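Structural overview
Read off the chains here:
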Amino acid sequence: MSKITHIEIDDSGLPTPTPEIEQERKVAMFDLLEDNSFVLPAREDRDVPAGPYRLALSIRERRLVFDIAQEDETSAGEFHLSLGPFRQVVKDYFQICESYFEAVKTMPPSQIETIDMARRGIHNEGARVLQERLEGKAEVDTDTARRLFTLICVLHFGG
């Protein structure tokens, strides 16, 4: 089973997220655990530990850390990704989310829909960047990448 069945986010030391950001995090985690695809690719020099996997996400020394373990908590690997390629898309995502959260309070549905379409577009871009950065380390489908990107944004919020 190549999927994530448990996820932990190390947000210690980060500012308390806004209620909207906390809601985004909860929804992403729920959706991720309900349906995801997470495959560790074969390596010439070692066997690939079998899934399902437990994933711990954190930021250490300005790097995004994926700490992967098997169900019995045996380590399955760890990799670190530079946050640099995510910075602009995360910034754009937070700006459009802020506009969306404000629009929901006062604007007509047509304007909310326009902002939401832009938000989805930026979210898709973040997922694409994540899939590129994971190349050779882990394979994820688009929906999994989108949900993981949301969790990266939550970590970035305080990082």
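Just above, that's the structure.
Below is a summary of the structure that appears in this document. Treat the numbers as computed from the prediction; the structure is a model and nothing was measured.

With that settled, the discussion passes to the pattern of salt bridges. Enumeration according to the criterion identifies nine salt bridges in this entry. Between Arg25 and Asp11 there is a salt bridge; the shortest N-O distance is 2.6 Å. Taken as a pair, Arg25 in helix 1 (residues 19-34) and Asp11 in the loop between strand 1 (4-9) and helix 1 lie far apart in primary sequence, 14 residues in all. Residue classification places Arg25 among the buried positions, given a relative accessible area of 13%. Asp11 sits in the partly exposed class, given a relative accessible area of 29%. The shortest N-O distance in the salt bridge between Arg60 and Glu78 comes to 3.6 Å. Of this pair, Arg60 sits in strand 3 (residues 53-60) while Glu78 sits in strand 5 (residues 75-82); the two residues are 18 residues apart in sequence, bridging distant segments of the chain. Taking the relative accessible area as the measure of exposure, Arg60 reaches 37% and is therefore partly exposed.

What follows concerns the packing of helix 2 (residues 84-106) against helix 3 (residues 109-134). Viewed as axis vectors pointing N to C, helix 2 and helix 3 meet at an angle of 160 degrees, and their least axial separation amounts to 9 Å. Of the possible angle classes, the one that applies to helix 2 and helix 3 is roughly antiparallel. When the axes of helix 2 and helix 3 are compared, the crossing they make is left-handed. Of helix 3, the residues touching helix 2 (which contributes Pro85, Phe86, Val89, Asp92, Tyr93, Ile96, Cys97, Ser99, Tyr100, Phe101, Ala103 and Val104) are Ile112, Ile115, Asp116, Ala118, Arg119, Ile122, His123, Glu125, Gly126, Val129, Leu130 and Arg133. When grouped by side-chain class, the residues that make up the contact of helix 2 with helix 3 number 16 nonpolar, three polar and five charged.

This brings us to the nonpolar core. Core analysis: the largest hydrophobic core is formed by 43 residues, its most contacted members being Leu57, Phe66, Ile68, Leu130 and Leu148. Where this core is concerned, the elements lending two or more residues are strand 1, helix 1, strand 3, strand 4 (63-70), strand 5, helix 2, helix 3 and helix 4 (142-158). Tallying contributions element by element places helix 2 first for this core, with nine residues. With sequence-adjacent residues up to four places away left out, Leu130 is seen in contact with Phe66, Leu81, Phe86, Ala145, Leu148, Phe149 and Ile152.

Summarising the sheet, strand 1 and strand 3 pair through five bridges and their orientation is parallel. Of the residues in strand 3, the one forming a bridge with Ile4 is Tyr53. Remark: two residues form the turn of the hairpin made by strand 3 and strand 4, two consecutive strands paired antiparallel; Glu61 in that turn has positive phi of roughly 50 degrees.

Calculation rules
- Residues numbered from 1 in each chain as written.
- Predicted model: local features only at pLDDT ≥ 70, side-chain atom pairs only at ≥ 80, totals over all residues.
- Heavy atoms only, no water.
- Salt bridge = Lys/Arg side-chain N within 4 Å of Asp/Glu carboxyl O.
- Helix = DSSP H or I, 4+ residues; strand = E, 2+ residues; numbered from the N terminus.
- Buried < 20%, exposed > 50% of the residue type's maximum accessible area, 1.4 Å probe, protein only.
- Axes fitted to C-alpha atoms, helices over the stretch in contact; angles between N-to-C directions.
- Parallel < 35°, antiparallel > 145°, perpendicular 65-115°, else oblique.
- Left-handed = near helix turned anticlockwise from the far one by under 90°.
- Contact = heavy atoms within 4.5 Å.
- Nonpolar A, V, L, I, M, F, W, Y, C, P; charged D, E, K, R; others polar.
- Core = buried A, V, L, I, M, F, W, Y, C linked by side-chain atoms within 4.5 Å.
- Pairing = 2+ DSSP bridges.

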